[in-house]
Amino acid sequence: QVQLVESGGGLVQAGESLRLSCAASGSILSIDVMAWYRRAPGKQRELVASMTSDDSTTYGDSVKGRFTISRDNAKNTVYLQMNNLDPEDSDVYYCTARSNSWRVYWGQGTQVIVSS
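All residue numbers here refer to positions counted from 1 along the written sequence of the relevant chain. In view of the model being predicted, local features appear only for residues whose pLDDT reaches at least 70, and side-chain atom pairs are presented and counted only at 80 or more, with totals across whole chains, interfaces and linings using the full set of residues. Side-chain descriptors were evaluated using all non-hydrogen atoms of the structure, hydrogens and water having been removed beforehand.

Student: Can you break down the overall build of the protein residue by residue, with the values?
Tutor: Counting from the N terminus, the helices are the DSSP runs of H or I reaching at least four residues and the strands are the DSSP runs of E reaching at least two. Check the secondary structure of the protein and you find 0 helices and 11 strands. Shown N-terminal to C-terminal, the secondary structure of the protein runs as helices and strands in the order β-β-β-β-β-β-β-β-β-β-β. What the globule rule says is 2.2 Å times the number of residues to the power 0.38, and the radius of gyration is computed from C-alpha atoms. On C-alpha atoms alone, the protein measures out to a radius of gyration of 13 Å, which is about the 13 Å that the 2.2 N^0.38 rule sets for 116 residues. If one aligns the C-alpha atoms of the protein with their principal axes, the spans along those axes are about 40 × 25 × 25 Å.

Student: Explain unusual backbone geometry to me, and be specific about the residues and the numbers.
Tutor: The phi torsion at asparagine 76 lies on the positive side, around 50°, for a residue other than glycine. Its identity is not glycine, yet asparagine 84 carries a phi of approximately 50°, on the positive side. Tracing the backbone shows asparagine 84 in the loop between β8 (77–82) and β9 (91–99).

Student: Which residues make up the environment of valine 104, and what are the values?
Tutor: Note that valine 104 resides in strand β10 (residues 104–106). Classification of residues uses two cut-offs on accessible area relative to the type maximum, computed with a 1.4 Å probe and protein chains only: under 20% is buried, over 50% is exposed, and between them is partly exposed. For valine 104, a relative accessible area of 42% puts it in the partly exposed group. For the pair valine 104 and valine 33, spaced 71 residues apart in sequence, the C-alpha to C-alpha distance is 9.3 Å. We call two residues in contact when some of their heavy atoms are within 4.5 Å. Aside from chain neighbours lying at most four places away, what touches valine 104 is Thr96, Ala97 and Arg98.

Student: For the state of the cysteines, give the residues involved together with the corresponding values.
Tutor: Cysteine sulfur atoms that come within 2.5 Å of each other are treated as a disulfide pair. Summed over all chains, the structure comprises 1 disulfide. In this model cysteine 22 forms its disulfide with cysteine 95; the gap between the sulfur atoms is 2.0 Å. Disulfide cysteine 22-cysteine 95: torsion about the S-S bond near -75°, hence left-handed. Linking cysteine 22 in strand β3 (residues 18–26) with cysteine 95 in strand β9, this pair joins segments that are 73 residues apart in sequence. Here cysteine 22 matches cysteine 95 in class, with each residue buried.

What follows is the structure, given as structure tokens:
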């Protein structure tokens, strides 16, 4: 089992930055991929960024060049640095962890609101 706790969401103005954090606990050695998704009510789930155990990263087209995923292994924490935020980035952001047995764990989500 893996437990994920997100933090760092909030209300910002367009053009500002936020950093989301995702603290993992439990069977963290089984994790192959960490990722951030976003999904507002009534909208389709969208991959924001992902990072594999060998540090390979992938970004959604809408966030490339603005968002950066990183991690601190000592803290078992994954971050999502979000720069130049746009109102279209307003969403609930979820941290996920995929284990080496392909089970996917989800955090509770953190709300990001970007005002224009």
